[in-house]
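Chain residues, written in single-letter form:
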Amino acid sequence: MTFTVTHAQRDGGGVRLRLAGELDLNTAPQLAATIDHLLSDGQVQLLVDLADLTFCDSTGIAAFVRGDNACAAVGGWLRLTGATGRVARVLRMTGLADVFRYDPTADPASHAYR
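Parameters at a glance
- Residues numbered from 1 in each chain as written.
- Predicted model: local features only at pLDDT ≥ 70, side-chain atom pairs only at ≥ 80, totals over all residues.
- Heavy atoms only, no water.
- UniProt positions renumbered as here; feature names shortened; annotations may be inferred.
- Helix = DSSP H or I, 4+ residues; strand = E, 2+ residues; numbered from the N terminus.
- Buried < 20%, exposed > 50% of the residue type's maximum accessible area, 1.4 Å probe, protein only.
- Contact = heavy atoms within 4.5 Å.
- Areas by Shrake-Rupley, 256 points an atom, 1.4 Å probe, with all protein chains shown as cover.
- Polar contact = N/O pair within 3.5 Å; in protein donor to acceptor, adjacent residues only side chain to side chain.
- Pairing = 2+ DSSP bridges.
- Core = buried A, V, L, I, M, F, W, Y, C linked by side-chain atoms within 4.5 Å.

- In the nomenclature of an unreviewed UniProt entry, the protein chain is known as Anti-sigma factor antagonist of Micromonospora inyonensis.
- As stated in UniProt under Sequence similarities (unreviewed entry), the record for the protein chain gives "Belongs to the anti-sigma-factor antagonist family."

**Some details on the overall build of the protein chain**
Thought 1: Per the secondary structure count, the protein chain includes four helices and four strands.
Thought 2: Its helices and strands taken in sequence order, the protein chain reads β-β-α-β-α-β-α-α from the N to the C terminus.
Thought 3: For the protein chain, with 114 residues in total, the buried portion stands at 45%.
Thought 4: Long-range contacts, defined as pairs at least 24 residues apart, comprise 65% of the intrachain contacts of the protein chain with a sequence gap of at least 6.
Thought 5: A total of about 5700 Å² of accessible surface is found on the protein chain, and carbon and sulfur atoms cover 52% of it.

**Some points on the side chain of Thr27**
Thought 1: Relative to the elements of secondary structure, Thr27 occurs in the loop between β2 (15-23) and α1 (28-40).
Thought 2: The class for Thr27 is buried, based on a relative accessible area of 14%.
Thought 3: Within the local environment of Thr27, its side chain forms a polar contact with the backbone nitrogen of Asp24, the two atoms lying 2.8 Å apart.
Thought 4: For Thr27, the residues in contact, after removing those within four places along its chain, are Phe3 and Glu22.

**Structural notes on the pairing of strand β1 (residues 4-9)**
Thought 1: Bridge count for β1 against β2 is six bridges, and the pairing is antiparallel. Each residue of the ladder has a partner; that of Thr6, found in β2, is Arg18.

**Some remarks on the nonpolar core**
Thought 1: In this structure, Leu17, Leu19, Leu23, Leu31, Leu50, Leu53 and Phe64 are the most contacted members of the largest nonpolar core, which totals 29 residues.
Thought 2: Only β2, α1, β3 (45-56), α2 (58-73), β4 (77-81), α3 (85-94) and α4 (96-99) provide two or more residues apiece to this core.
Thought 3: Setting aside chain neighbours within four positions, we find Leu31 in contact with Phe3, Val5, Leu17, Leu19, Leu23, Ala63 and Phe64.

The following block contains the structure:
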């Protein structure tokens, strides 16, 4: 399955990234490059929607951690929402669901991620 990452401004500020497909060793650099680009444009609040992500390996997890650290370094944040199945399980098992304030039921358009 092809990996895609798209992004759009959110009402109330920040950017929503939508990931689809498989996030792994081959595709994590694409996510990292998108996060770097957004940060260089001054976007420091990133909500990452994982509803269409079907797989995430340790390299993908590392990309989330790297992105969160980069956002925090400039006073921002990275949050995750929408994960299901295997991806949600990986987030819970690694403890990152708590670190990224992951809420699978939250509406990504809401202001709960401020």
